[in-house]
Amino acid sequence: MADYYFYRRKVESQRRRKRAVVALLVVLVLLCAAAGFFWFRSSGHGSEQEPAILLPTATPAPTPTAAPATPEPATPETATGESAEVFAPQRLLPAVEESAWNQSTAVEQTIDFEYRNTDFRMVALPASGRVTTEHFNTAVLLGDSITEGMAIYNTGLPNAQVRGFRSSGPQIIVNNATVHDYARNVDEAALDSVVAAQPDFLYVLFGTNALTAQGSEDSFIAYYGKMLEVLKENLPGVAIYVQAIPGVQETVVQTHPGLDNARIQTVNNMLANLALTYGCYFVNIQEALCYPDGSQIDEYEAADGIHFNPTGYGAWTEYLKTHTAWDRRNQYEGTSPYYILGS
């Protein structure tokens, strides 16, 4: 039977054989290197040709002459013999003048912030977290008789403050005109009433009354822009939502030529431009109240084809709940990932 010494001798024998093979390989490598070295020397590639030895000859002594003047630097010549200009590297960019930018004082605005030809559907708020009804407890809904329906019907926003002034437009805010609120049966200055409510969120919808007169777009947009400017000055920190003008029934254009749905779409593009310019949010409520062509959904039609029935106002409210920009003051239904932002 093999024992410990048997395996030990076997392992030592294997190690000796490996060492012998390695030593043999080393010797072979050295022999090959030596042979190559001698061959290289014998072939003459490794030795340099020694210079020929020249015998010294007598050289006549030089005749002393006057020291020549220092020669002028030669001007480079081209192939045609013409003198060429000496190349001098030029800066690709002018030197930076730090005094022009390294300062903290106000500088002249160089970027045009005016937006043009914006498709309102492309800049509108997308659907996001669904806010609770309590979100609208500190909101004001400002507009004309279409907005007034929010106070008349049961829309599920019992505590929202509605400022719906019939037959009105943005000029009542700009001029702080005294108007009558039929839902609350009070006469009040329009701007003062909105400011006194001290809202956290303001939803604005004007335009239907202004557009009944054809050719009124320029005046309407001018007043609307001024209204947003006045509201932002008087309500700093308030999130302002500009709502799209909803479309009407297609038959309305027969009695009110100015309320053509294609014209309403064009004005909505202008309102989207204003919202971007003044830092407001644009809410495309047409998605909830109109067909893709911009006309009013039949299910939401009121008697005149312009206003909405209670079902339409309910759809409008549901749309606002899911199209609200994130704000730390928002209250969301259920567990919302938006709470981790800005906290």
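The text that follows walks through the structure, step by step, so that each part is easy to find. (Residues numbered from 1 in each chain as written. Predicted model: local features only at pLDDT ≥ 70, side-chain atom pairs only at ≥ 80, totals over all residues. Heavy atoms only, no water.)

1. Regarding the overall build of the chain
No. 1: Scanning the chain from terminus to terminus reveals ten helices and seven strands.
No. 2: Counting only residues that meet the buried cut, the chain has 36% of its 343 residues in that class.
No. 3: Summarising the internal contacts of the chain: among those between residues at least 6 apart in sequence, 67% fall at separations of at least 24.
No. 4: Carbon and sulfur atoms make up 56% of the accessible area of the chain, which totals about 22300 Å². (Helix = DSSP H or I, 4+ residues; strand = E, 2+ residues; numbered from the N terminus. Buried < 20%, exposed > 50% of the residue type's maximum accessible area, 1.4 Å probe, protein only. Contact = heavy atoms within 4.5 Å. Areas by Shrake-Rupley, 256 points an atom, 1.4 Å probe, with all protein chains shown as cover.)

2. Concerning the pairing of strand β5 (residues 201-205)
Along any regular strand, the residues point their side chains to alternate faces of the sheet.
No. 1: Within β5, five of the five residues are buried, leaving the element largely enclosed by the surrounding structure.
No. 2: Across the two faces of β5 the burial is the same, with F201, Y203 and L205 and L202 and V204 all buried.
No. 3: When strand β1 (residues 139-143) meets β5, the two strands line up parallel, connected through five bridges. The partner of A139 across the bridge, within β5, is F201. (Pairing = 2+ DSSP bridges.)

3. Topic: a nonpolar patch on the surface
No. 1: Taken together, the side chains of V21, L24, L25, V27, L28 and L31 make up a nonpolar region of the molecular surface, amounting to roughly 570 Å² of accessible area.
No. 2: Inspection of the secondary structure puts L25 in helix α1 (residues 4-42). (Patch = residues over 30% accessible without salt bridge, like charges linked within 9 Å, V, L, I, M, F, W, Y side chains within 5 Å. Salt bridge = Lys/Arg side-chain N within 4 Å of Asp/Glu carboxyl O.)

4. With respect to the sheet that holds strand β7 (residues 281-283)
No. 1: The sheet built from five strands is open, its strands ordered β2-β1-β5-β6-β7 with parallel pairing. Taken across any chain shown, the strands that pair with only one partner, and hence form the sheet edges, are β2 (161-164) and β7. Across the sheet, the mean angle separating the axes of adjacent strands is 20° when strand polarity is ignored.
No. 2: Of the pairings in the sheet, the one linking strand β6 (residues 239-243) to β7 comprises three bridges and is parallel in character. Opposite Y241, over in β7, you have Y281 as the bridge partner.
No. 3: Along the sheet face, helix α3 (residues 145-152) touches β1, β2 and β5 and points at about 145° away from the line of β2. (Axes fitted to C-alpha atoms, helices over the stretch in contact; angles between N-to-C directions.)

5. A word on a positive patch on the surface
No. 1: Together, R15, R16, R17, K18 and R19 make up a positively charged patch on the protein surface.
No. 2: Of note, R16 is situated in helix α1.
No. 3: Judged by relative accessible area, which is 48%, R16 ranks as partly exposed. (Lys, Arg positive; Asp, Glu negative; His and termini not counted. Charge placed at Lys NZ, Arg CZ, Asp CG, Glu CD.)

6. Quick notes on the packing of aromatic side chains
No. 1: Applying the stated rule across the entire model yields nine aromatic pairs.
No. 2: For the ring pair Y203 and Y241, a centre distance of 4.5 Å and an interplane angle of 10° mean the geometry is stacked. Of this pair, Y203 sits in strand β5 while Y241 sits in strand β6, and the two are 38 residues apart along the sequence.
No. 3: For the ring pair F220 and Y224, a centre distance of 5.4 Å and an interplane angle of 75° mean the geometry is edge-to-face. With F220 and Y224 both in helix α7 (residues 217-234), this residue pair falls four residues apart, about one helical turn. Both residues of the pair, F220 and Y224, count as buried.
No. 4: Three or more aromatic residues link up through ring pairs in this structure, and these residues are F136, Y203, Y241 and Y281. (Phe/Tyr/Trp six-rings, centres within 6.5 Å; stacked < 30°, edge-to-face > 60°.)

The values reported here are purely geometric and, on their own, carry no functional implication.
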